[in-house]
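Overview (structure and organization)
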Amino acid sequence: IMSIITSARSESLGPWLWKLEDFELIEFFEWFSEEQLEVLSLVSRYFYLLSQQEELWKTLCLRKTVVNKIANFKWKGTWRRTCLLHSSSKIPPFPYQRLSWKDIKAPRLTDKWKRCKTDLGQFDLKEQTIDKRSNLSLEDFIEQYEKQNKPVILCGMMENWKARKAWKKDSFLQKYGNVIFKTNGTTEDGKTFRMKTKDYWEYMASNCDDKPIYLFDNKFLERAPQMSSEYHILPHFSDDLFDMMEREDRPDWQWVIAGPARSGSPFHQDPHRTSAWNALLHGRKRWTLYPPDVIPPGVDEKLIDTEYYASPDVMKYYDQVYPRLSHYKKKPAPLEGILEEGEIIFVPSGWWHQVLNLTDTIAVTQNFCSPRNFRFVFQDLLSKKSVSLKKDFIRAIYPKKPYLFESFGPIEQCMKDPPASSSSSSSSSLSSSSSSVGSSSEEDEMDES
Amino acid sequence: FISDIARMGEVVNFSSSDGRRIGLSRGVINECPIFKNMLENGNLQITNISGDILEKVIEYCSYHSNALKSEGENISEEVKIWDQEFLKVEKSILFQLIYAADYLEIESLLDMACKAVASMIVGKNPDEIREILNIEKDLTAKEEKQIKKD
């Protein structure tokens, strides 16, 4: 039966192309324009499947709809249709039926499509192992969680936030529909683009990407200043030593995040070993956490120093790694929990975390350095090749709180540049200058703008 | 021992899939990590690339490693023209170059060869494309209609 299946593919591709693998064929198809792809879709069955690949159409679409780093596409259900119908008055037939043939098995081409149709209901958790606490006092939080570097979900602490009403999917659109926020989406040159909330909401409502784009803006208070009155930083998280630095010197620390089901963030640790809190205003998020000294299964240890995400995409993780967790005998089970609306999760310093949005979600998040995690943060700053952040940090904080630095030896030593190492290339994006490094408790991007 | 020869700048003889002995110079071996690895493991048998294609690949690698060293004014123009001429070959050779470049992980050659094949297809209608690529039509008329509608 395998030979029948492979011969259907090889017949459909012809003697010249069948030897190439699917991902190579997709790369080959990247050479073609919209018009050419349309022609190719009529050549043969396999050509049809290849020419329908959303990643091709996403590239083509973004190429023509991102102007001055703002994406102005009007979402029409798939990248292909959005691309073809851009600046066209054609009314598209809907729903869109994809042709398929029983004897043509093309997992690489159909997996992603299948993943986007996967119902996320199966991702609900029967057992949650992250503590949920209501009305946790500042003292109890510090003693039971922050000092222990232990995660917790705080309930009932957002009741007086205006955002509880104002940042629901519909109200957010009404209030901020015309605001242009940054997204994590990138064009071919790797630069992120922004989108008007109105346009993004259309995409969010009916996209079928297996790695959806999400809003992710570290300057949201500049774009919509009234947002600052709609949420509060809890006393539990207010003691942020980075507040003592000049605004342009401190690393990014606050984001608004909005994304559909299936969007999320693969395993990572937040930059500079800061701690983070993530407050959910709309939807449900599934969190998976590993302590700082446990590298999560699926994370490629060789990539940790150079890649921010050294692990498979979230959906791929649940597809391939999660069902086999028992095979990783040396690794403890992760902490898992579902963050609901009105709840805030505390992700302590250095904890690996992965997030999967189970529904459309809207959240606000901040990273911080408190006296409790100071030693982890400063240790991280000392270990990096790039020294400007470390020096600014010392200059801002040492004069007022020298006791924090005691265990690190003479401050003059700390201020020195690290010894020159033999490797000349500093490939880690984390060693770029302080103000351009993005950090967050949940999703991340290295942003140049 | 074999690596010593390579370091001394001499030529190392590999065997192609059709049993020919092809000499690779140090410059070429350095261009291509696969050759380098094979050399380090003492394996000189290339099982999936024929002698003819191997020679073409070596030609490409030699030219490009020399071009990198020279500092002519119009060197990139010259290289472009050379590349274009290099790819003016029969279809079957072109495709075999794609497989070879893919296997040997020579990105630039793979890119170029794919682009050349792509340009063979651009502007042609489905029938013509099928002819060029020797593909038999497997879409039904009904399916064609459906595709055109979407």
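Notes on the structure in this doc start here. Everything quoted here is computed from the prediction, not taken from an experiment.

1. Focus on the sheet that holds strand β14 (residues 352-357) of chain A
Residue and element names in this part refer to chain A.
- In space, the four strands of this open sheet follow the order β9-β14-β11-β12, with antiparallel pairing throughout. Strands at the two margins of the open sheet, each flanked by one partner only, are β9 (264-268) and β12 (335-339). Each strand axis lies, on average, 15° off the axis of its neighbour in the sheet, ignoring direction.
- Sheet topology note: the strand β11 (residues 285-290)/β14 ladder contains six bridges and is antiparallel. Bridge pairing in β14 places Lys 285 opposite Asn 357.
- Packing against the sheet, helix α13 (residues 314-321) makes contact with β9, β11 and β14, and its axis sits at approximately 100° to β14.

2. Quick word on the interface of chain B and chain A
- Opposite the 32 residues of chain B that make contact, chain A presents 29 residues.
- Taken together, both faces of the contact between chain B and chain A bury some 2700 Å²; the carbon and sulfur share is 70%.
- For the chain B face of the interface with chain A, the top three residues by lost area are B:Tyr99, B:Asp138 and B:Asp150, together amounting to 22%.
- Here chain B is connected to chain A by zero salt bridges.
- Viewed at the interface, chain A and chain B are joined by six residue pairs in polar contact (both at pLDDT 80 or more).
- Of all elements in the fold, only α6 (91-103), α7 (107-121), α8 (126-133) and α9 (141-149) of chain B reach the threshold of two or more residues within the side of chain B that touches chain A.
- In the side of chain B that touches chain A, the residues fall into 15 nonpolar, four polar and 13 charged.

3. What to know about the packing of helix α10 (residues 169-176) of chain A against helix α11 (residues 197-206) of chain A
Residue and element names in this part refer to chain A.
- Two elements in contact, α10 and α11, have axes whose closest approach is 9 Å; the angle formed by their N-to-C orientations is 155°. The angle between α10 and α11 falls in the class roughly antiparallel. For the pair formed by α10 and α11, the contact residues are Lys 169, Phe 172, Leu 173 and Tyr 176 on the first element and Thr 197, Lys 198, Trp 201 and Met 204 on the second.
- Split into classes, the residues belonging to the contact of α10 with α11 amount to five nonpolar, one polar and two charged.

4. Points about the packing of helix α4 (residues 51-69) of chain B against α6(B)
Residue and element names in this part refer to chain B.
- At a minimum axis distance of 10 Å, the contact between α4 and α6 shows a crossing angle of 70°. On the basis of the axis angle, α4 is roughly perpendicular to α6. On α6, the residues touching Ile 53, Lys 56 and Val 57 of α4 are Ile 93, Gln 96, Leu 97 and Ala 100.

5. Digging into the environment of A:Arg223
Residue and element names in this part refer to chain A.
- Among the secondary structure elements, Arg 223 is positioned in helix α12 (residues 220-223).
- Along the sequence, Arg 223 and Asn 357 sit 134 residues apart, while their C-alpha atoms lie 25 Å from each other.
- In this structure Arg 223 touches Val 179, Ile 180, Phe 181, Lys 182, Arg 194 and Asp 217, once residues within four positions along its chain are discounted.
- For Arg 223, the side chain forms a polar contact with the side chain of Asp 217, separated by 2.4 Å.

6. Brief notes about unusual backbone geometry
Residues and elements named next belong to chain A.
- You will see that Lys 69, though not glycine, has its phi angle at about 65°, which is positive.
- Positionally, Lys 69 belongs in the loop between β1 (66-67) and β2 (70-71).
- Positive phi is not limited to glycine here, since Arg 273 has a value of about 55°.
- Checked against the element boundaries, Arg 273 lands in the loop between β9 and β10 (275-282).

Definitions and cut-offs
- Residues numbered from 1 in each chain as written.
- Chains lettered and ligands numbered in written order.
- Predicted model: local features only at pLDDT ≥ 70, side-chain atom pairs only at ≥ 80, totals over all residues.
- Heavy atoms only, no water.
- Pairing = 2+ DSSP bridges.
- Helix = DSSP H or I, 4+ residues; strand = E, 2+ residues; numbered from the N terminus.
- Axes fitted to C-alpha atoms, helices over the stretch in contact; angles between N-to-C directions.
- Contact = heavy atoms within 4.5 Å.
- Buried area = accessible area lost by both parts, 1.4 Å probe.
- Salt bridge = Lys/Arg side-chain N within 4 Å of Asp/Glu carboxyl O.
- Polar contact = N/O pair within 3.5 Å; in protein donor to acceptor, adjacent residues only side chain to side chain.
- Nonpolar A, V, L, I, M, F, W, Y, C, P; charged D, E, K, R; others polar.
- Parallel < 35°, antiparallel > 145°, perpendicular 65-115°, else oblique.

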